[in-house]
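A closer look at the structure
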Amino acid sequence: MSGRSGDGGGTGRGLRSRQWFDNPDNPGMTALYLERYMTFGLTLDELRNSGTPVIGIAQTGSDLSPCNRHHIDLASRVRDGIRDAGGIPMEFPVHPIQETGKRPTAALDRNLAYLTLVEVLYGYPLDGVVLTTGCDKTTPAMLMGAATVDIPSIVLSGGPMLNGYYNNGLAGSGTVVWFARQELAAGRIDYEEFLKMVASSAPSVGHCNTMGTALSMNSVAEALGMSLPGCAAIPGPYRERQQMAYQTGRRIVEMVHEDLRPSRIMTRKAFENAIVASSALGASTNCPPHVTAIARHMGVPLDIRDWDRIGYDVPLLVNLMPAGQYLGEEFHRAGGVPAVMHELLAAGRLHADALNVSGRTIGECYRDTATSNRDVIRTYAQPLLPEAGFAVLSGNLFESAVMKTSVITPEFRARYLENPGDPNAFEGRAIVFEGPEDYHARINDPALNIDADCMLFIRNTGPVGYPGAAEVVNMLPPDALVKQGVTLLPCIGDGRQSGTSGSPSILNASPESVVGGGLALLQTGDRVRIDLGRRTADILIDAAELERRRSAWTPPALVSQTPWQELYRRHVTQLQDGGCLDFAISYQRIDATHGVPRDNH
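Now for a look at the structure at hand. (Residues numbered from 1 in each chain as written. Predicted model: local features only at pLDDT ≥ 70, side-chain atom pairs only at ≥ 80, totals over all residues. Heavy atoms only, no water.)

**Details of the environment of H297**
Applicable threshold: Each helix is a run of DSSP H or I of at least 4 residues and each strand a run of E of at least 2, with the numbering of both proceeding from the N terminus. Relative accessibility thresholds used throughout: buried, under 20% of the residue-type maximum; exposed, over 50%; partly exposed, between the two (1.4 Å probe, protein chains only). Here a residue-residue contact requires only that any non-hydrogen atoms of the pair lie within 4.5 Å. The term polar contact refers here to a pair of N or O atoms within 3.5 Å; inside protein, the definition further demands a hydrogen-donor-capable atom paired with an acceptor-capable atom, and it admits residues adjacent in sequence only when both atoms are side-chain atoms.
For H297, the location among the structural elements is in helix α13 (residues 287-298). Relative accessible area serves as the criterion here: at 1%, H297 is assigned to the buried category. Once the C-alpha coordinates of H297 and A146 are considered, the two residues, 151 residues apart in sequence, prove to be 9.0 Å apart. Contacts of H297, omitting those with residues within four sequence positions, involve Y114, M144, A147, T148, C580, A584, I585, Y587 and Q588. Side chain to side chain, H297 and Y114 meet in a polar contact 3.2 Å long.

Shown next, in the form of structure tokens:
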């Protein structure tokens, strides 16, 4: 259909870019728009051709975003694909979101990048867009924007780094940090060796080569149907990544002519597929708030408890750090997301009739994509774990919090979850920290008397409190315990946790403490009970004492350091609701709802 003339979008009003570049009802404005876009060499014939769509390339690569920087080079192949399919490429910058670079947290900027993308997609002469993604928050920000405007959109992932190695062993980006911290705390390495160990895990362009949030969310984008099959896991330096960029550029032009929009792809069935795939992948605990945010902007109902209800009993199929032993190159060579989707399809766990940006159904895309390595991607019948989904807990500590069960180690399970008289439950003495600074200052304080029966809590780290929700819940035990071999304690908080961490923390607690959630009432020394079987988390004090504390509680004073922080705090929702801006979710499918914006002169 790529040669179709006159009706580019199938909407009855032609390509939306024609309202800028060929509107005989308003020759003055048409001339004004045309003359400036011709200054870098485009011709009148190109811009006025009724069958030539203008395709945006949302560029997330920059020097400030090293995980996405190679998109600067990939964009040339995207341009080639767009041109060869009969479109006009127009590349534009996206607000940078680098997980390891932005303070106080990259999560603060996810919604800012989303807002700016909405304005570009709606306010400029674009008929479709290639969304370049990679580092953690870039993927949800791009998909949230595409959902809101709802013009034809396709995701091009940047892909993971090559494998990292340290002392002839695999060193996973992000994951090695947590091991190195243990080694440093135990006194087995010094500061210089610590830096070398961590740096060894990032040997090339690309995002984390573990199943951290970056690879998780790019895999979710494919499971949602928003990228071409096989796109998510191709390592950044591989030639196939450049080839995928070209194919993506070609395909978006066809999507414009077919009027294939995100609203036809990101349906309720697609989101359920994404939940199931996340469990099988051993994906990051950051996926629930991100996917929930995308769904809310798409207008698809999705509750935090859907992650437990739909995905908890899905087995772990991918043997990738932090839940397994391999890294991104092995995952790609074993078949990547297509091989995982193949197993889930064969087991009847996916909606086979959900649509992919290729124009084919999920069933058609992945029916014949079996893995080539059963050690890296297991069969559904012989998984790494029989149940690997997210447990969603609630109680007087919070309305909801998430626990990633695929990273519960045998040692953690034996210490905390295998009491014959109280299976899958544990109680402990709470040690409460008021944020990461307080944690670092006091974790080794002998007066706290922290032992293996304690639980570490951290609060004031949610979307309002931090602001942006910090990845600080996975707290290392005191050095004295680490030296004894106790490297994990139960950790609970209203912040988030890096997807590269193997800690089975309970996090994303909502409502957060600074808005009056139950964590605000917890005191060091309280007994706390966690029951995974019943999905409960409670302070073991009577109702009268709990009410007394609630009556005495006052919200902490919050100091915003920038105008955006202040605006964000006023409007951000809790993590269980996606951490969206409360007013923004009412703006849906705005291209179809409002048509093109008013002229600017």
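**Focus on helix α12 (residues 268-281)**
Rules: Multiplying one less than the number of residues by 1.5 Å gives the expected span of a helix.
Its 14 residues give α12 an end-to-end C-alpha distance of 20 Å, which sits within 8% of 20 Å, the value for a rise of 1.5 Å per residue. Within α12 the residues assigned to the buried category are A270, F271, E272, N273, A274, I275, V276, A277, S278, S279, A280 and L281. Looking one or two residues beyond α12, the residue adopting positive phi is G282, at roughly 70°.

**Digging into the packing of helix α4 (residues 71-84) against helix α10 (residues 239-258)**
Basically, it comes down to this: Lines fitted to the C-alpha atoms define the axes, with helices restricted to the stretch that makes contact. Angles between their N-to-C directions range from 0 to 180 degrees. For classification purposes, angles smaller than 35 degrees are called roughly parallel, those larger than 145 roughly antiparallel, those between 65 and 115 roughly perpendicular, and all remaining angles oblique. Handedness of a crossing follows from how the near helix is turned relative to the far one, being left-handed for an anticlockwise turn of less than a right angle and right-handed for a clockwise one.
For the pair α4 and α10, interaxial distance at closest approach is 7 Å and the crossing angle is 40°. What the angle tells us is that α4 and α10 run oblique. Our pair here, α4 against α10, has a crossing hand that is right-handed. Judged by residue contacts, D73, L74, R77, V78, D80, G81, I82 and D84 of α4 engage R241, Q242, A245, Y246, G249, R250, I252 and V253 from α10.

**Side note on the packing of helix α9 (residues 213-223) against α13**
In a packed pair of helices, the relevant descriptors are the angle between the two axes and the axis-to-axis distance. For clarity, the cut-off: Each residue receives one of three labels: charged for Asp, Glu, Lys and Arg, nonpolar for Ala, Val, Leu, Ile, Met, Phe, Trp, Tyr, Cys and Pro, and polar for the others, Gly being one of them.
For the pair α9 and α13, interaxial distance at closest approach is 11 Å and the crossing angle is 35°. The handedness of the crossing between α9 and α13 is right-handed. Contacts between α9 and α13 involve T213, S216, M217 and V220 on the former and, on the latter, C287, H290, V291 and I294. Here the contact of α9 with α13 is built from residues that sort into five nonpolar, three polar and no charged.

**A look at the pattern of salt bridges**
Worth spelling out the cut-off: Just to be clear on terms, a salt bridge is a Lys or Arg side-chain nitrogen sitting within 4 Å of an Asp or Glu carboxyl oxygen.
For the structure on display, the rule yields 37 salt bridges. R36 is paired through a salt bridge with E35; the nearest N and O atoms lie 2.9 Å apart. Across the salt bridge formed by E258 and R251, the nearest N and O atoms sit 2.7 Å from each other. Look at the salt bridges and you will find they share partners, linking D422, E427, R527, R529, D531 and R534 into a network.

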